[in-house]
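Fold and contact review
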Amino acid sequence: MRFIFKTDYEQDIKLLQHGGHWWSYGLLFAVLAAAPYLVGSYLQSQLVFVFIYAIVGVALMILVGFTGQGSIGHAAFLAIGAYTAAYLQARGYPFEVYFPAAGILTGIVGAIVGIPALRLHGIYLLIATISFAFIVEEVLARWESVTHGNEGMRVRAIEFFGQTVSRDSNSFYFLCLGILVLVIIGTLNLMRSPTGRAFIAIRDSETAAKSMGVDIGRYKVRSFAISAAITGLAGTLYAHKMSFISPEMFTLLLSIEFIMVIIIGGAFGLHGAILGAIFIVMVDPLITMLKDDVPGMIAAFSRGFGVGEDAARAIQDRLYAIFSAPGLKGAIYGLIIILFVLFEPLGLYGRWLKIKLYFQLFPLYKRATFRRQKTYVKSERNR
Amino acid sequence: MSLHMLKTGLLGAALAVAAGPALAQTKVTNQGISDKEIVIGTHQDLSGPIKAWGVPVLNGMKLAVEEINAKGGIHGRLLKLIAEDSAYEPRKAVLATQKMVERDKIFAMIGPMGSPTVIAAQDILFEAGILQLFPLTAAEFTYKFDPAKPQERLKFNNLLPYVESTRAAVKFMIEHKKIQKPCVMYQDDEYGKNVFDGFTQQTQAMNLKPTSVTTFKRGASDFSAQAAKMKADGCDLVVLGAVIREPIGVMAEAKKIGFEPTWLGASPVCVIEIPALGKGVVEGLYSACGFEIPYRDTAKGKVKEWAEAYFKAYNTEPNSQAVIGHNTITTFAHYVEKAGKDLTGAKLLAALESGDVFQDIFNSPPTKFSATNHLASTITQVSVIENGRWKEVKAGLSF
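All values reported here derive from a predicted model rather than from experimental measurement. (Residues numbered from 1 in each chain as written. Chains lettered and ligands numbered in written order. Predicted model: local features only at pLDDT ≥ 70, side-chain atom pairs only at ≥ 80, totals over all residues.)

1. Digging into the overall build of chain B
A tally of regular secondary structure across chain B gives 12 helices and 12 strands. In terms of overall dimensions, chain B is globule-like: its C-alpha atoms have a radius of gyration of 22 Å, near the 21 Å expected for 399 residues. Over its C-alpha atoms, taken along the principal directions, chain B stretches across nearly 65 × 60 × 40 Å. Here chain B, with 399 residues, has 55% of them falling under the buried criterion. Counting only contacts in chain B whose residues sit at least 6 apart along the sequence, the fraction spanning at least 24 positions is 69%. (Helix = DSSP H or I, 4+ residues; strand = E, 2+ residues; numbered from the N terminus. Rg over C-alpha atoms; globule rule 2.2 N^0.38 Å. Buried ≥ 20, exposed ≤ 12 C-beta atoms within 10 Å, placed from the backbone. Contact = placed C-beta atoms within 7 Å.)

Below is the structure:
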């Protein structure tokens, strides 16, 4: 068990709390930096999608996890970012201009959405954000002079300081990784600033926050704006990765996928957003891989137990047919999510913290450590 | 030398000059070809919003692969079909495509499903020099190409494009039924927009004014407002840019309010699910079709054999989607056969562009490509529902 002996007030707000963090994050960073040179474009593409989803996850975490405001409309913010980028790019603006422009414009829209949200709570706020998403989808389909309506828009490769960055290149990978890292560091800084602390205060108790002098209205709008702006930035990258955008790509389903990123990851810390993004993006390819490889492995295994060649082949074909049944992947995916929500409401990161604590306290770990009990402030629970 | 010959000669020379450098530059892969097999890939919507298309298309493809393999393959090479589920999500389509290119080493992508999914993934194929053959979307980007971009030559389509087929069918119906007040009702997406464009272009060409234009959201189930508006406007022809449920819904609603115009569906309406689900409501519905829909009990010859085999394999009646799936594979096989024993990507591309004609067993218009045209055909048929079945009214239509 590690005890941090604090000798300075500054230690409380350090980004890396102890030497172990330097090692673990340094190693992670080294692996990510080396990855594009070691893996093929298939895995690299998955990582790029993880980065983009993680950026949206972080944005949603600020709004949902830290400020306690729900949103099932983030696909709309992503769409606004993506369309701003596509529109400005088509008019000859470079990436250096339309990338921040997409963030700023989406942030302004986010602030406007945030204003009616001041009076809404819980499920009513969710309904408001859903309607906002529908409105955006409708506008994208109708405003043909700007968005080309349902025909969609092609998005060319990025021109970044005169360099062409194609969507499957290593440069694009590093661009996405870099933006993700900046967004994470920015968010960490935000959360240790007065603004971030006000967000958490609002999440825990609006009344208490108000009585402490937090201007609830202003901070809620700010949270919406920041969250939307970050999502808008992700939208730019998303548009480039897809190379084509159309209104039907930004549906309610995508918003729900984003919400699942933070629910599965654990809606109380940035680690959760990253783990959730990894899960949402990579489970599907993983199941695909199992579908391709497991029947062969089982056949080889049964051969090892003296099953004849023909029988082994029959087993392999049969299993392959079962694993390729249409919809099976969706069913497995759904099952995993149900199990998570039922048995691990704190998500992947919550599970990781529990496992870590178990080993740190071994053999003194108490089974009741994480038993739910009545708490008045949520922030006490997960720190 | 006559003037005509001179002209043809000059044109040919000009074409050769134009196509020459492109021909030299197009990179076509040879991966996935071995002495024993050819690996091909496809991504379908097997669990998303259009799985009613994806699943039977894939069934049709699988059956065609089995048939070809049972006969010993093509020049001794068996076909190996890799299929992935995109769920109609561009992100999954991109990943599935990369997986098939990299892990499965496919030689060609055949019959991938959907507009956003195909467009998001197609550059990956072209960069790797993989042919994208006969995708299940009739959008322009699947066959129109820029001669200046040699890799774009790798795309071919054999589906009936929506704009052209709608124009041909609308032209036929206006002449056949002496229509005065044509109307259109279309689904609010890219496909519906294509139908609307075809309708507008044709009515303009025939100096008719569209009397009423209405739209609906995909998956809508209430059409009372649209039906009432079209009735009030006095439509005598309604063109439907719809898929399966909507034609049934709107026709039922129209019957209720005593509105009985001539109904004409765009090509995706020409599927057996509509008479099967709509029963009496859809009697008399016309539709643009690419081929005559086969029925298991009335089919003859090779179509009968195929329909019986399909029913045996999947325990459902064969439908248009299965026909289209079947045709993607048989068309591919035809040109691979033509490319010869020592198959390479470049040889297959040459065979596809050679102008050689492929005729399927379903009596579709002949398939033929050239160095400048990668769309098989725009010849349309019109069929009508009579006694719960599609019946051909007129074939060989164009505008």
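So that's the structure; there's more coming.
2. As for the sheet that holds strand E1 (residues 37-44) of chain B
All names here are of chain B. Within the open sheet, the 5 strands sit side by side as E2-E1-E3-E4-E5. Their pairing is parallel. Pairing within the sheet leaves two strands with one partner each, and these edge strands are strand E2 (78-85) and strand E5 (155-156). Both E1 and E2 contribute to a ladder of 8 bridges, which runs parallel. The residue of E2 that forms the bridge with Ile40 is Leu81. (Pairing = 2+ DSSP bridges.)

3. Topic: the domain arrangement of chain A
Residues and elements named next belong to chain A. Per the domain assignment, the segments of chain A are domain 1 (33-281) and domain 2 (284-372). Computed from C-alpha atoms alone, the centre-to-centre distance between domain 1 and domain 2 is 31 Å. Counting residues at the interface gives 13 residues for domain 1 and 8 residues for domain 2. Among the elements of the structure, helix H11 (252-265) and helix H12 (270-304) are those that each provide at least two residues to the side of domain 1 that touches domain 2. (Domains from an automatic or database assignment.)

4. A closer look at the domain arrangement of chain B
Residue and element names in this part refer to chain B. Considered domain by domain, chain B is made up of domain 1 (37-160 + 299-368) and domain 2 (162-289 + 382-397). At the junction of the two partners, domain 1 supplies 9 residues and domain 2 supplies 9 residues. Counted by class, the side of domain 1 that touches domain 2 contains 4 nonpolar, 4 polar and 1 charged residues. (Nonpolar A, V, L, I, M, F, W, Y, C, P; charged D, E, K, R; others polar.)

5. So, the environment of Ser47 of chain B
Of note, Ser47 of chain B is situated in the loop between E1 and helix H2 (51-70). A residue is classified by how many C-beta atoms lie within 10 Å of it, and Ser47 of chain B, with 21 of them, is buried. Residues Ser47 of chain B and Asp85 of chain B, 38 residues apart in the sequence, show an inter-C-alpha distance of 7.2 Å. Beyond its immediate sequence surroundings of up to four residues, Ser47 of chain B is in contact with Pro326, Gly327, Lys329 and Gly330 of chain A together with Asp85 and Ala87 of chain B.

6. Structural notes on H2 of chain B
All names here are of chain B. Under the 1.5 Å per step criterion, the end-to-end length of H2 is 28 Å for 20 residues, consistent within 8% with the ideal 28 Å. Taken across its 20 residues, H2 has 15 buried, putting it largely inside the fold. Once H2 finishes, Gly72 follows within two positions and takes phi at roughly 95 degrees, a positive value. (Expected span 1.5 Å × (residues − 1).)

7. Remarks on the pairing of strand E7 (residues 212-216) of chain B
Note that strand E6 (residues 182-187) of chain B and E7 of chain B share 5 bridges and pair parallel. When the sheet's bridge partners are listed, Val184 of chain B is paired in E7 of chain B with Val213 of chain B.

8. Here we look at the packing of H2 of chain B against helix H11 (residues 320-339) of chain B
Residue and element names in this part refer to chain B. Their axes nearest at 7 Å, the elements H2 and H11 cross at an angle of 40 degrees. By the criterion of interaxial angle, the relationship of H2 to H11 is oblique. H2 and H11 meet at a crossing whose hand is right-handed. From H2, Trp53, Pro56, Val57, Leu58, Asn59, Gly60, Met61, Leu63, Ala64, Val65 and Ile68 reach across to H11, where they touch Gln321, Ala322, Val323, Ile324, Gly325, His326, Thr328, Ile329, Thr330 and Ala333. (Axes fitted to C-alpha atoms, helices over the stretch in contact; angles between N-to-C directions. Parallel < 35°, antiparallel > 145°, perpendicular 65-115°, else oblique. Left-handed = near helix turned anticlockwise from the far one by under 90°.)

9. Overview of the nonpolar core
Where a protein is soluble and globular, its nonpolar side chains tend to be buried together. All names here are of chain A. Counting residues in hydrophobic clusters, the biggest one holds 219 residues, and the most contacted among them are Ile52 and Ile55. The biggest single contributor to this core is helix H2 (residues 41-66), with 17 residues. Not counting residues up to four positions away in its chain, the partners in contact with Ile55 are Ile179, Leu180, Val183, Ile230, Leu233 and Ala234. (Core = buried A, V, L, I, M, F, W, Y, C linked by C-beta atoms within 7 Å.)

10. Here's the deal with the sheet that holds strand E11 (residues 380-386) of chain B
Residue and element names in this part refer to chain B. The strand order across the open sheet built from 7 strands is E7-E6-E8-E9-E10-E11-E12, with neighbouring strands paired in mixed fashion. The open sheet is flanked by E7 and strand E12 (389-397), the only strands paired with a single partner. Adjacent strand axes in the sheet meet at a mean angle of 25 degrees when their direction is disregarded. The pairing of strand E9 (residues 262-265) with strand E10 (residues 286-289) spans 2 bridges and is parallel. The residue bridging Leu264 from the neighbouring strand is Tyr286, located in E10.

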